[in-house]
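If you want the building blocks of each chain, they are given just below.
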Amino acid sequence: MASFSSEDQAMLQAMLRQLFQSVKEKITGAPSLECAEEILLHLEETDENFHNYEFVKYLRQHIGNTLGSMIEEEMEKCTSDQNQGEECGYDTVVQQVTKRTQESKEYKEMMHYLKNIMIAVVESMINKFEEEETRNQERQKKIQKEKSRSYCTDNCSDSDSSFNQSYKFCQGKLQLILDQLDPGQPKEVRYEALQTLCSAPPSDVLNCEKLGLLCEKLTVSLSDLILCKFSVSFLLGMFMKTLKNYLESYFLSRENHIPTLSAGVDITNPNMTRLLKKVRLLNEYQKEAPSFWIRHPEKYMEEIVESTLSLLTVKHDQSHVVSQKILDPIYFFALVDTKAVWFKKWMHAHYSRTTVLRLLEKKYKSLITTAIQQCVQCFELCKTRKAEETLGHSKHCRKKQKTFYYLGQELQYIYFIHSLCLLGRLLIYKQGRKLFPIKLKNKKGLVSLVDLIVLFTQLIYYSPSCPKMTSATHAENYSPASMVTEVLWILCDQKECAVECLYNNIVIETLLQPIHNLMKGTEASPNCSETALIHIAGILARIASVEEGLILLLYGANMNSSQESSTGAHIIAQFSKKLLDEDISIFSGSQMLPVVKGAFISVCRQIYSTCEGLQVLITYNLHESITKAWKKTSLLSERIPTPVEGSDSVSSVSQESQNIMAWEDNLLDDLLHFAATPKGLLLLQRTGAINECMTFMFNRYAKKLQVSRHKKFGYGVLVTQVASTAAGGVALKKSGFINELITELWSNLEYGRDDVRVTHPRTTPVDPIDRSCQKSFLALVNLLSYPAIYELIKNQDLPNKTEYSLREVPTCVIDIIDRLIILNSEAKIRSLFNYEQSHIFGLRDFIIDGLSVERNHVLVRINLVGGPLERILPPRILEKSDNPYPWPMFSSYPLPNCYLSDITRNAGIKQDNDLGKLLLCLKISDKQTEWIVNCRRQFCKMMKTKPDIISGEALVELLEKFVLHLTESPSECYFPSVEYTATDANVKNESLSSVQQLGIKMTVRYGKFLNLLKDGAENDLTLVLKHCERFLKQQQTSIKSSLLCLQGNYTGHDWFVSSLFMIMLGDKEKTFQFLRQFSRLLTSAFLWLPRLHISSYLPIDTVDSGIHPVYFCSTHYIEMLLKAELPLVFSAFHMSGFAPSQICLQWITQCFWNYLDWIEICHYIATCVFLGPDYQVYICIAIFKHLQQDILQHTQTQDLQVFLKEEALHGFRVSEYFEYMEILEQNYRTVLLRDMRNIRLQST
């Protein structure tokens, strides 16, 4: 290689200097040497000028000259190999050439050469840098010695100066600075002295003996020096007080010309510029101080706080002024910190907040008083409509003068914003609220917290357009309405503050007063605009999103008030309905009208998306009004003309289209939130817009958008509610939601997620559900309600293909069953990348958990019926012992005996005195009402003291006689009597569905296990079910529906009839006779689900929906009571994305089979029959109370859905919660029974 000359070295040094100069900012900004190296290594990726640097060009040319010919030869070799039949892609060629090049002798020699010359160049540059640095230091020392020679003492040398070595601040240095700060010195000398002082360690300056004299000199210098470059960090504990004292004396001195309020402030005036810079400097320090004052003594912080408050409360002596008000310091602070950020930072930490509040209370309460007074003055100004005149004059002045000039009214307004933000921050804290009430000058009485909030609210309605601030872009943000709304939003978000300040009737009435006036046809208030109404709606929505606020809107402060129709929720609903129906003419034709509508419907949405809120608003039929508006908007969006390119109307049409589409989406969102509750879902189904709502929800879900502004959790609860119904399952499928979930599940299960890091090998056997699949699994579990699954897989055959492509992804539920659960062919097994894990997942997906172990568990579970004490299920995991799995495999009948419980079955019940009294009550026919009350009282006594007696033949007699007596009383009969004459011969040849037949076999097997049924029971139960279908068909209506569940008989097994058959000990005549009588009672509608299947007693729109009253009535109230009685459990469900209604519907539909032991199932049925259908709700609430700790635990482990669907209700006994259920009855029976009786009404 060529030799490396001195000219080459100089050239390379110049190239490197150019490179380093270009990347200087990037390197110097790196926090460490390693980060700087990383920046240089990745410079090609981050620097667009990388290839233009001379050093880079030099390296490229050197590499080309050295290795170019060798690289070309290697490329030719690879090309010839490819031509000879060896397939070799472009990437492979590059890799081969690169590898051969790096292994070559030429490459190694080149790298050795470059390394040597670069070491030489860099060492030369470092040596030159060190020599130059040494010369600079010597020159600087010489200059410093000459300056300080006459001032330094014998023991003070340059080596121990804090300016150079940061050891101790030298008195000679201080004297030099003091001399340079003398007023007689030129301005440049004093400014240089300030800069020199800024470079000194603050601790050294604070410990100087002449600190007091230095402060005096600084005070004089501050009056005429430019401070824009004066370091804020230097004020750390040293001269903040000096600056404050200077400003205080400046404002109090009559020699200084402080502008008056009427004259305004011209910030281009040099004197005002200097004053504002000093105020800004102090304000900057105020905002920075909280970040470091905790490291100083508490006294230091107290001095800062007190000196600031003292300055802000300085008042001029106005005795020599007749009518001119001189501006106080706080006006200037408001100019530089309009939103009082300094106060926000001081109040953030408890350390400083305590001191601030204590000083405000003891010495500086006038700061709060003047702030409130400023808000009052602003309100009065707005109220008298002078603000608009000021605004017009302000704009005129600005256009004319083109200077930064603040008029008096604008200064007042800026001071108002500062005061508003200060008061808003003060109210957040408990000790701040304790400062109220406040006494104002020239005002009778005291200003309370409520008075202040009312004042804020009135400011919103009377708010004019905003005066211009320093920037036109901030005009909207600084409008009175926007500023007050921002403050009230913050207060709403603080629960304790909101309860004390906002959640009372006076504030709510003030918020709603203009709405009252609008509905009466009068003006809301002077200047009440659409914007003001939007702000108020935003505040109301935040109030309604919190439980305490929602209760206040629903029932007022007095929940027992008889004037329920005057509460906030009713007024908001009435106003929203009038807006939707366009029944208010004041805002007719306004472009802001859709926004006003949307804002108030959003408040209603916060209300009707809760069970208790929907109960209050249901009479207004908002779902119908919203649907009507949505359909009208949809038609408008279809008629918007396609804009023509080049036309002037393109932008206007485009904007109109966007507005209409946004309004359409808003209405769909409003309709969607009806699905948050069971009864709301019924209303949504009646609108006919459920498919569009599900599509809208899926689109938001796909875009990762949140459900709603005030919703804390995701789409889980909505999806679970919708999937609990047949129509909802179909709508989810049409929207693409189910397809998306299954595709995501398959991707995670088979291909694995890219963001999951494997830190340790998987155990054997594999975990039932891998953490990467947990979310997808739970989302699928939420869909697995019987009504939805029936619609999704009915009449579909398994594909059972002979071959499956590895790229073939399932898109529906039947595909998941085919590919993951029923793996009955080699083709299916070969199509899985992760056969073992995927198959285990599939097995667990429908019942629950691991091939041999999990399969055994599943087979035992589906073949053995019983409660927690009646069946023994094998575990899903291996035990840590010599015999890890001692359970026998169940692969053929009969079931091994080890899975059968040894509980006492159908033991004879001895006659009991209390039972005799109850039976005696049934024989005596007194006054009907008294008789019912006596029977129920005696039944409750028995359940509390001797619950086990109510079983067997005694239970049969009790049920038969009680129901017989009830049906003899017309007032107790809800349904009419139906004549039925069919015999066994008439129904013998009728067929039952395969589901019914399977249920019969399970019932007989369970009944024989409990010694309740004998041989021949299967035929008898079959006849009973056939009679029931014939009997109920007489009371059904004919409808045409696309829902499969409405195309014939009840789709599931009739678990209630099977339970009654077992209670009646297999007596088919007694069973059917009881069912005929029982069918006349209201309780039958909720215990016996097939009773109301496409029933003629229900409104036709309810029948068309396919939603059973158990769902839209019973489970609706279960959720409502759960929120009120067990809020932690209710929150746990929402956090888990699961709805209580779905699991309750499953419990009730199958009469708690496999969840409760037989005796508890009997008590459930008997309790509802004797005490009323509302006890169905109370029993479910009692179950949730019993499971509270388990529910909270499984919420933490994120498997609540799995736990509730799979696990039996261990330890729950109906009798142990009787007293609790009686309390629930006292509180809720009136409302529940009223709604249950209304299921036959057309409008619910």
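Just so it is clear, the structure is predicted and the values come from calculations on it, not from any experiment. (Residues numbered from 1 in each chain as written. Predicted model: local features only at pLDDT ≥ 70, side-chain atom pairs only at ≥ 80, totals over all residues. Heavy atoms only, no water.)

1. So, the packing of aromatic side chains
Here is step 1 of the chain: Enumeration according to the criterion identifies 35 aromatic pairs in this entry.
Here is step 2 of the chain: A ring pair is formed by F962 and F1170, whose centres lie 4.2 Å apart and whose planes are at 20 degrees; its orientation type is stacked. Taken together, the residues span a long stretch of sequence, with F962 in helix 46 (residues 952-967) and F1170 in helix 57 (residues 1158-1171) at a distance of 208 residues. The pair formed by F962 and F1170 is uniform in burial state, with each residue classed as buried.
Here is step 3 of the chain: Each ring, one from Y974 and one from F975, has its centre 4.8 Å from the other, and the planes form 90 degrees; the classification is edge-to-face.
Here is step 4 of the chain: Through a chain of ring-to-ring contacts, three or more aromatic side chains come together here, namely F1133, F1138, W1147, F1152, Y1155, Y1164 and F1184.
Here is step 5 of the chain: In this arrangement the basic side chain of R1091 is found over the ring face of F975, its NZ or CZ atom lying 4.4 Å from the centre.
Here is step 6 of the chain: In this structure, R1240 is placed above the aromatic ring of Y974, and the distance from its NZ or CZ to the ring centre is 5.4 Å. (Phe/Tyr/Trp six-rings, centres within 6.5 Å; stacked < 30°, edge-to-face > 60°. Helix = DSSP H or I, 4+ residues; strand = E, 2+ residues; numbered from the N terminus. Buried < 20%, exposed > 50% of the residue type's maximum accessible area, 1.4 Å probe, protein only. Lys NZ or Arg CZ within 6 Å of the ring centre and 35° of its normal.)

2. Notes on unusual backbone geometry
Here is step 1 of the chain: The peptide bond linking F436 to P437 adopts the cis configuration, its omega dihedral lying at 5 degrees.
Here is step 2 of the chain: For N621, which is not glycine, the phi dihedral falls at a positive 50 degrees.
Here is step 3 of the chain: Within the secondary structure layout, N621 lies in the loop between helix 30 (611-617) and helix 31 (622-639).

3. Structural notes on helix 26 (residues 530-544)
Here is step 1 of the chain: Over its 15 residues, helix 26 runs 21 Å from end to end, which matches the ideal 21 Å to within 8%, given 1.5 Å per residue.
Here is step 2 of the chain: With 13 of its 15 residues buried, helix 26 lies for the most part within the structure. (Expected span 1.5 Å × (residues − 1).)

4. Notes on the packing of helix 54 (residues 1109-1125) against helix 55 (residues 1127-1135)
Here is step 1 of the chain: Across the interface, helix 54 lies against helix 55 with an axial gap of 5 Å and an inter-helix angle of 120 degrees. By the criterion of interaxial angle, the relationship of helix 54 to helix 55 is oblique. Between helix 54 and helix 55, the residues in contact are E1119, L1122, K1123, A1124 and E1125 and P1127, V1129, F1130 and F1133, respectively.
Here is step 2 of the chain: Within the contact of helix 54 with helix 55, the residues separate by chemical class into six nonpolar, no polar and three charged. (Axes fitted to C-alpha atoms, helices over the stretch in contact; angles between N-to-C directions. Parallel < 35°, antiparallel > 145°, perpendicular 65-115°, else oblique. Contact = heavy atoms within 4.5 Å. Nonpolar A, V, L, I, M, F, W, Y, C, P; charged D, E, K, R; others polar.)

5. Brief notes about the environment of F1170
Here is step 1 of the chain: The class for F1170 is buried, based on a relative accessible area of 0%.
Here is step 2 of the chain: Between the C-alpha atoms of F1170 and C940, which are 230 residues apart in sequence, the distance is 9.2 Å.
Here is step 3 of the chain: Excluding residues within four positions of it along the chain, F1170 makes contact with R936, F939, L958, L959 and F962.

6. Remarks on the confidence of the model for the protein
Here is step 1 of the chain: In the predicted model, the protein carries a mean pLDDT of 81, and 80% of its residues have values of at least 70.
Here is step 2 of the chain: Across residues 466-476, where pLDDT falls below 50, the model places 22 contacts with residues more than four positions away in sequence or in other chains.
Here is step 3 of the chain: Ignoring residues within four places in sequence, the model shows residues 846-850, a span with pLDDT below 50, making 22 contacts including any to other chains. (pLDDT = per-residue confidence, 0-100.)

7. Regarding helix 58 (residues 1174-1186)
Here is step 1 of the chain: When the terminal C-alpha atoms of helix 58 are compared, their 19 Å separation across 13 residues agrees well with the 18 Å that a helix rising 1.5 Å per residue should span.
Here is step 2 of the chain: The buried fraction of helix 58 is high, at eleven of 13 residues.
Here is step 3 of the chain: By the burial criterion, the buried members of helix 58 are D1174, Y1175, Q1176, V1177, Y1178, I1179, C1180, I1181, A1182, I1183 and F1184.

8. Quick look at the packing of helix 35 (residues 716-723) against helix 36 (residues 726-735)
Here is step 1 of the chain: Close contact between helix 35 and helix 36 brings their axes to 6 Å; oriented N to C, the two are set at 120 degrees. In terms of orientation, helix 35 lies oblique with respect to helix 36. The residues of helix 36 that touch helix 35, namely those facing V719, V722 and A723, are G728, G729 and L732.
Here is step 2 of the chain: Tallied by class, the residues present in the contact of helix 35 with helix 36 amount to four nonpolar, two polar and no charged.

9. What to know about a negative patch on the surface
Here is step 1 of the chain: A contiguous patch of negative charge on the surface is contributed by E72, E73, E76, E106 and E109.
Here is step 2 of the chain: Only helix 5 (54-83) and helix 7 (105-148) provide two or more residues apiece to the negative patch.
Here is step 3 of the chain: When residues of the negative patch are assigned to their parent elements, the largest contribution, three residues, is made by helix 5.
Here is step 4 of the chain: Within the secondary structure layout, E106 lies in helix 7.
Here is step 5 of the chain: Classification of E106 by relative accessible area gives partly exposed; the value is 37%. (Patch = residues over 30% accessible without salt bridge, like charges linked within 9 Å, V, L, I, M, F, W, Y side chains within 5 Å. Areas by Shrake-Rupley, 256 points an atom, 1.4 Å probe, with all protein chains shown as cover. Salt bridge = Lys/Arg side-chain N within 4 Å of Asp/Glu carboxyl O. Lys, Arg positive; Asp, Glu negative; His and termini not counted. Charge placed at Lys NZ, Arg CZ, Asp CG, Glu CD.)

10. Overview of the pattern of salt bridges
Here is step 1 of the chain: Evaluated as defined, the whole model comprises 29 salt bridges.
Here is step 2 of the chain: Among the salt bridges present, the one from E990 reaches R1030, with a minimum N-O distance of 2.5 Å. Of this pair, E990 sits in the loop between helix 47 (984-987) and helix 48 (994-1009) while R1030 is found in helix 49 (residues 1017-1033), placing the two residues 40 residues apart along the sequence.
Here is step 3 of the chain: Judged by its relative accessible area of 28%, E990 falls in the partly exposed class.
Here is step 4 of the chain: For R1030, a relative accessible area of 26% translates into the label partly exposed.
Here is step 5 of the chain: Here E1225 and R1229 are joined by a salt bridge, their closest N and O atoms 3.1 Å apart. In this pair, E1225 and R1229 are both assigned in helix 61 (residues 1218-1237), four residues apart and thus about one turn of the helix distant.
Here is step 6 of the chain: Residue E1225 is classed as partly exposed on the basis of its relative accessible area, which comes to 22%.
Here is step 7 of the chain: Connected through salt bridges with shared partners, the residues R433, E496 and E500 form a single ionic network.

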